[in-house]
Amino acid sequence: MDNPLKVIGTSSSTCGSCNSAGCGTCGPSPHASKAPVAFNRREFGYTVLAVSASALLTGCSQQKSVEQAAQPAPAAPALSPELAVVQTSKGPIMTTLEEFYKMGPGPSSSHTMGPMRITYDFFQRVSKLPEDQLQRATSLKVHLFGSLSATGKGHGTDRASLAGLLGKAPATCPPQFLDGLAANPDQAYKVTLGPKTLDLTLKDIIFDATKGEFHHPNTMTAKLLAGDQTIYELEYYSVGGGFIEWKGYKPPDKGQPKYPFDHARDLKKYLIDDKIPLPQLLLQNEMAISGRSEKEIWEFLDQVAEVMVRGVDTGLTVESVLPGPIKLHSKAAAMQRNLKTTAKGEAGRAVTRVASYGFAMGEENARGHIIVTAPTAGSAGIIPAVVKSLRDLNTPTQKIRDGFLAAAAIGYLCKHNATLSGAEGGCQAEVGVGSSMGAAMIAQALSANPKVVSNAAESALESHLGMTCDPVAGYVQVPCIERCAYGAVKAWTAYSIASEEIPEQRRVDLDTTIDAMALTAKEMNSKYKETSEGGLAVSVVLC
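A.B. asks: I keep staring at the nonpolar core and nothing clicks. Help me out?
C.D. replies: Core analysis: the largest hydrophobic core is formed by 95 residues, its most contacted members being Tyr-101 and Phe-404. Looking at this core element by element, the count peaks at 11 residues for helix α15 (residues 397-417). Among all residues touching Phe-404, those that are not within four sequence positions of it are Tyr-101, Leu-301, Val-304, Ala-305, Met-308, Ile-383, Val-387 and Met-441. One finds Leu-193, Met-220, Tyr-232 and Ile-244 within the second-largest nonpolar core, a separate group that totals 41 residues.

Shown next as structure tokens:
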């Protein structure tokens, strides 16, 4: 992955100080009364560098004992009803492809991409403050709360947050720059805000309270200070999948969908009664909501597919110890190489091949390389493995595009009616949804009827209900990488089952299973939600 790879964007104007045309990450004046036009949830990046990166963080993790972890922890508080992600769960789905399939460095969409987008937005805001205020500035500080504080070290949240304050956008920041921040933790970096130049270090990113009454489990505040006095401050939320909000956030204006829906059952009239093909329905909605042409949409999806497959291909050739205290050896390359001499038979070879693709992209994510959220970075190995395996079957490009649309529809439904955030819903919301998306993608790409597409998605999601998020040492490695491989294999399994059964005889529908995931997320103990306070995170003792 040495060649730069441009991502198709919608804007052609130059914004902010990044000098990237339409980078989509600039915020408005801090005095503006409405949400930013350029920096919003449907604009993530114009340019992405598909480049390699070296190690992330290194060191050794101090693990809590199993006895300590056994102490009961309260359930996570409900999300604030003020959050747009909660408010927009009512009414038709308005999410677009560019919002959903976001490109940038791993290892976490909510803990790396989201915080980096947040601090870059804050950088843009304070850059527009009056000169007399900026002249008084002495420092920039970021406070991480909740899950961001609990597992931020392993996700590189501090590096990503500092990079954003330094004016680096996720889509244009080479992962090597982030690695340089980690390798030199005491180094000071200069950032210029109008007439004032400040020195920033990783110490300006503060790991604050892990427990409290937060609007969202991934809460952070950014401050511009004059000594102990606050010049400007804003509270932000990384709400999952790279999506971000802030206090007072209002969603950007969009067009209205041609075929509005907010549940899978709403699609029945269009798909079954009106006999509108699912890809056509989703394409028409995408054009109506985003204002993009059909050609632009296909070009964007082709770009997403290319980034995914290049990531898998790279991961299949690299053998290394992954960064961090776990000292985990990569497996993808060996799995792929051993296929040539395996005695596992046809079934064993097929499973191993798909699993190796999931490992390859999961390991690339752990290395901090370029990934695509599908729906998150933690589950970023699943859809690439599906795309790669569909290409193995010589599936036509248009069929794969249609598959991407079907996968997005499942992700939209889960985001709208449940969650995509591991900090909110556990790993069922990441790998579970990713596997469900993968099953729908396979079914659609292989020309299954709408009922089979829905049943395949339901089957895969059902098989992940209750899965906790328990990253060892807070790193997106154990069990995350292996779960991506399982998610890809389960996607194929779900499709295989759904395509062989009588579709009308399936007793559980997709809406019911999404509701079950939402309820499970609500009732799940908080220590199993990306806090590294339960499960494998405390059972595996390092050093």
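On we go.
A.B. asks: Just checking my understanding: could you explain the packing of helix α17 (residues 431-445) against helix α19 (residues 480-500) for this structure?
C.D. replies: In helix packing, the relevant descriptors are the interaxial angle and the interaxial distance, both defined with respect to the helix axes. Two numbers describe how α17 lies on α19: the axes approach to 8 Å, and their chain directions differ by 40°. With respect to each other, α17 and α19 are oriented oblique. At the point where α17 passes α19, the crossing takes the right-handed sense. For the pair α17 and α19, contact is made by Val-431, Ser-435, Gly-438, Ala-439, Ile-442 and Ala-443 and by Arg-483, Gly-487, Lys-490, Ala-491, Trp-492, Ala-494 and Tyr-495, respectively. Considering only residue class, the contact of α17 with α19 consists of 8 nonpolar, 3 polar and 2 charged.

A.B. asks: Would you mind showing me how to read the packing of aromatic side chains here?
C.D. replies: Here a ring pair, both rings aromatic, is described through the centre-centre distance and the interplanar angle of the planes. If you walk through the whole model with that rule in mind, you get 10 aromatic pairs. For the pair Tyr-101 and Phe-404, a centre-to-centre distance of 5.5 Å together with 80° between the ring planes defines the contact as edge-to-face. With Tyr-101 in the loop between α3 (97-100) and β3 (103-105) and Phe-404 in helix α15, this residue pair connects regions lying 303 residues apart in the sequence. The residues Tyr-101 and Phe-404 share a single accessibility class, namely buried. Here Trp-492 and Tyr-495 contribute two aromatic rings whose centre-to-centre distance is 6.3 Å and whose plane-to-plane angle is 80°, an arrangement assigned as edge-to-face. Of this pair, Trp-492 and Tyr-495 are both found in helix α19, 3 residues apart, which corresponds to roughly one turn of the helix. Taken together, the ring pairs in this structure connect Phe-100, Tyr-101, Phe-404 and Tyr-412 into an aromatic cluster. Over the aromatic face of Tyr-357 sits the side chain of Lys-388, whose NZ or CZ is 5.8 Å from the ring centroid.

A.B. asks: It is not clear to me how the sheet that holds strand β9 (residues 229-240) should be interpreted in this structure. Could you clarify?
C.D. replies: Note on sheets: strands pair through backbone hydrogen bonds, and any given pair is parallel or antiparallel. Strand order in the open sheet formed by 5 strands is β7-β4-β8-β9-β10, and the pairing between neighbours is mixed. On the outer flanks of this sheet lie β7 (205-207) and β10 (243-246), each paired with one strand and no other. The average angle at which neighbouring strand axes cross in this sheet is 25°, direction not considered. Direction of pairing for strand β4 (residues 139-144) relative to strand β8 (residues 219-226): antiparallel, over a ladder of 6 bridges. From the neighbouring strand, Ser-139 faces β8, where its bridge partner is Leu-225. Each of β4, β8, β9 and β10 is contacted by helix α4 (residues 109-127), which is oriented at about 150° to β9, the strand it contacts most.

A.B. asks: Help me out: how do you make sense of the pairing of strand β5 (residues 189-193) in this one?
C.D. replies: On a regular strand, one side chain projects to one face of the sheet and the next to the other, so that they alternate. Alternating positions in β5 separate cleanly, Tyr-189, Val-191 and Leu-193 being buried on one face and Lys-190 and Thr-192 remaining unburied on the opposite face. Relative to strand β6 (residues 196-200), β5 runs antiparallel, the two being bridged by 5 bridges. In the sheet register, Lys-190 faces β6, and the bridge partner there is Asp-199. What sits between β5 and β6 in their antiparallel hairpin is a turn of 2 residues, with Gly-194 showing a positive phi close to 60°.

A.B. asks: What's the story with unusual backbone geometry in this structure? I'm lost.
C.D. replies: With an omega dihedral of 15°, the bond running from Gly-106 to Pro-107 counts as a cis peptide bond. Relative to the helices and strands, Pro-107 is located in the loop between β3 and α4. Between Val-478 and the following residue, Pro-479, the backbone shows a cis peptide bond with an omega angle of 5°. Even without a glycine there, the phi angle at Lys-275 is positive, about 55°. Mapped onto the fold, Lys-275 is located in the loop between α9 (264-273) and α10 (278-290). On the basis of relative accessible area, Lys-275 is assigned to the exposed category, the value being 66%. Residue Ala-473 is not a glycine yet carries a positive backbone phi of 60°. As for its placement among the helices and strands, Ala-473 is situated in the loop between α18 (450-462) and α19.

A.B. asks: Just checking my understanding: could you explain the pattern of salt bridges for this structure?
C.D. replies: Note on pairing: side chains with opposite charge can pair once their charged atoms come close. This model, assessed by the stated rule, comprises 19 salt bridges. Across the pair Asp-121 and Arg-125 runs a salt bridge whose closest N-O atoms are separated by 2.6 Å. Remark: Arg-125 and Asp-121 occur in helix α4; sequence separation between them is 4 residues, near one turn of the helix. Like Asp-121, the residue Arg-125 is buried in the burial classification. A single network of salt bridges, built from pairs that share partners, joins Glu-458, Glu-501 and Arg-506.

A.B. asks: I keep staring at α15 and nothing clicks. Help me out?
C.D. replies: An α-helical segment advances 3.6 residues per turn. Residues three or four places apart therefore align on the same side. For α15, which comprises 21 residues, the first-to-last C-alpha distance of 31 Å matches the rise-based estimate of 30 Å (1.5 Å per residue) to within 8%. In terms of burial, α15 is a largely internal element, 18 of the 21 residues being buried.

A.B. asks: Would you take a moment to explain the environment of Asp-509 for this structure?
C.D. replies: Inspection of the secondary structure puts Asp-509 in the loop between α19 and α20 (510-523). Judged by relative accessible area, Asp-509 falls into the partly exposed class, the value being 38%. The sequence separation of Asp-509 and Arg-265 amounts to 244 residues, and the corresponding C-alpha distance is 8.9 Å. At 2.6 Å, the side chain of Asp-509 forms a polar contact with the side chain of Thr-512.

A.B. asks: I would appreciate a short explanation of the confidence of the model for the protein chain in the present structure.
C.D. replies: Of all residues in the protein chain, 85% have pLDDT values of 70 or greater, and the mean over the chain is 86. pLDDT under 50 marks residues 1-74. Its contacts with residues more than four places away, or in other chains, come to 215 contacts.

A.B. asks: Hey, could you run me through the pairing of β4 in this one?
C.D. replies: Here β4 lies mainly inside the structure; 5 of its 6 residues are buried. As paired elements, β4 and β7 share 3 bridges and run parallel to each other. Within β7, the position partnered with His-143 by the bridge is Ile-206.

Thresholds applied
Residues numbered from 1 in each chain as written. Predicted model: local features only at pLDDT ≥ 70, side-chain atom pairs only at ≥ 80, totals over all residues. Heavy atoms only, no water. Core = buried A, V, L, I, M, F, W, Y, C linked by side-chain atoms within 4.5 Å. Buried < 20%, exposed > 50% of the residue type's maximum accessible area, 1.4 Å probe, protein only. Helix = DSSP H or I, 4+ residues; strand = E, 2+ residues; numbered from the N terminus. Contact = heavy atoms within 4.5 Å. Axes fitted to C-alpha atoms, helices over the stretch in contact; angles between N-to-C directions. Parallel < 35°, antiparallel > 145°, perpendicular 65-115°, else oblique. Left-handed = near helix turned anticlockwise from the far one by under 90°. Nonpolar A, V, L, I, M, F, W, Y, C, P; charged D, E, K, R; others polar. Phe/Tyr/Trp six-rings, centres within 6.5 Å; stacked < 30°, edge-to-face > 60°. Lys NZ or Arg CZ within 6 Å of the ring centre and 35° of its normal. Pairing = 2+ DSSP bridges. Salt bridge = Lys/Arg side-chain N within 4 Å of Asp/Glu carboxyl O. Expected span 1.5 Å × (residues − 1). Polar contact = N/O pair within 3.5 Å; in protein donor to acceptor, adjacent residues only side chain to side chain. pLDDT = per-residue confidence, 0-100.

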